[in-house]
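Structural features, examined
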Amino acid sequence: MIQSLRGMNDIFAPDSERFEYFIETATTIAKRYGFSYFESPLLEETALFKRSVGESSDIVGKEMYQFLDKGDNDICLRPEGTAGVVRAFIQKKLDKQGGIHRFFYHGPMFRYERPQKGRLREFHQFGIESFGVASVVEDATLIMMLADILDTLGISYKLKLNSLGCQECMPPYRSKLVSFLEAVEEEICEDCVRRKGTNPIRVLDCKNGSCQERYIEAPKLIDNLCSCCDVDFSVLQKMLSENGIDFEIDTHLVRGLDYYSKTAFEFVSDEIGAQSAIAGGGRYDRLVEFLDGKETPAVGFAIGIERLLELIKMPEVERSGYYMGTMDDEGLPIIMKAAQAKRKSDKVIVEYKSKNLKNHLKGADKVNARYCAVIGENERNEGTIWIKDLVSKTEETLPLDAI
Ligand code: HAM
């Protein structure tokens, strides 16, 4: 028997209902904040992710679904959404046009990771990207919007916040960190020794407990920010506090993608096991320029939909629509016509098999219909239909064209 690939899930009801509810909720909220829907291809040139997410990242270094297509082009399935949106933004010359552009998107992402609870090879994200606003107020707005989405879905979370500095303060900090790492080189893991040469700040994120113990004394980026980044980080914290958003500063939050500068954040849940990050994002002011566009400030985030599913509290589903059936086969063409007419405005499920009334009522209950409408011999002869309201428990017989 052919099975789905490892780490790639089918999503059935009731999870698919929660999935749909999530997309509807997040879409409604994104539109309220002025974002418009955006779609981009699942396949892109591999070079796009190498240059944006970064060759030293695990995502590009180990996890890409990369292959040559029939024209020998080096392409891959997108491991994340930001790079594609930035590529499209530049391709459409929106960078040259200037102004503010705000997009939201959702769809599958692919990472060849080791599957486990909360970690899939094909997973879905809902993402937001905002271009053209340098002010940290936009960062605050995005974080508030993400909190708004999670609050609406009844999901509790912790927000972790950090600043990764800018071109001015990051390089001197990096040198300080490298000096520190050289001093403790004997005591840290091989991966961290390697990271020291490729992307030193990644060491701060090392999962090895003894490395983490060493790094308690490591220089902190937030103590080494330039005045501009320092002011922005304070404004961000003040604005979040003023708007009732709790956060904790996590000086080791570096994010797994290379394009970030300044604000970095992650929303985590303690109810879903080891893979606790439900959303992450930050500012990436250099990326548009780095991908050959005109310098444009930008900030965004993405939510991992699968990790949220079990946490979503759905509103109770009320009975809705019609269940229609007939008590003999001659009634079927009549009920089919009535159903087609009613479907212009309402949900209708038709039972094709003729049954007695009791069984039709059971069927209506099973599909959670509000009304059970049935045609028997009498109704057929009189051009009427029997209807029971399963909420008020009232019943009546109406002329067929009255429904
Ligand atoms: P990310 O942190 O790599 O950021 O992914 C965002 C979210 O996707 C994670 O917090 C997690 O919930 C979910 N996720 C990641 N990998 C997996 C996996 N293997 N299985 C299930 N869920 C997963 C980004 O992708 C950035 N593009 C976010 C962003 C947008 N930054 C700026 N704009």
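Residues numbered from 1 in each chain as written. Predicted model: local features only at pLDDT ≥ 70, side-chain atom pairs only at ≥ 80, totals over all residues. Heavy atoms only, no water.

Here we take up the domain arrangement of the chain. For the chain, the assigned domains read domain 1 (15-169 + 225-311) and domain 2 (322-402). Placing a centre on the C-alpha atoms of domain 1 and another on those of domain 2 gives a separation of 49 Å. (Domains from an automatic or database assignment.)

Spatially, the three strands line up as an open sheet ordered β2-β4-β3, and their pairing is antiparallel. Each edge of the open sheet carries a strand with a single partner, namely β2 (43-45) and β3 (65-68). The mean inter-strand angle of the sheet, taken between neighbouring strand axes irrespective of direction, is 35 degrees. When β3 meets strand β4 (residues 74-77), the two strands line up antiparallel, connected through four bridges. The residue of β4 that forms the bridge with L68 is D74. (Pairing = 2+ DSSP bridges. Helix = DSSP H or I, 4+ residues; strand = E, 2+ residues; numbered from the N terminus. Axes fitted to C-alpha atoms, helices over the stretch in contact; angles between N-to-C directions.)

If you walk through the whole model with that rule in mind, you get zero disulfides. Here C169 stays free of any disulfide, with the sulfur of C226 as its closest cysteine sulfur at 3.7 Å. What makes C169 buried here is its relative accessible area of 4%. (Disulfide = S-S within 2.5 Å. Buried < 20%, exposed > 50% of the residue type's maximum accessible area, 1.4 Å probe, protein only.)

In this model, the second largest pocket occupies a volume close to 730 Å³. Secondary structure elements with two or more residues in the lining of the second largest pocket: α2 (46-54), α7 (170-183), β9 (261-268) and α11 (287-290). The biggest single contributor to the lining of the second largest pocket is α2, with four residues. Residues belonging to the lining of the second largest pocket are distributed by class as follows: 13 nonpolar, eight polar and 11 charged. (1 Å grid on protein atoms, 1.4 Å probe; cavity = no way out; pocket = protein on both sides within 12 Å on 5 of 7 lines; lining within 4 Å. Points joined across faces, edges and corners; volume = space filled by probe spheres on them. Nonpolar A, V, L, I, M, F, W, Y, C, P; charged D, E, K, R; others polar.)

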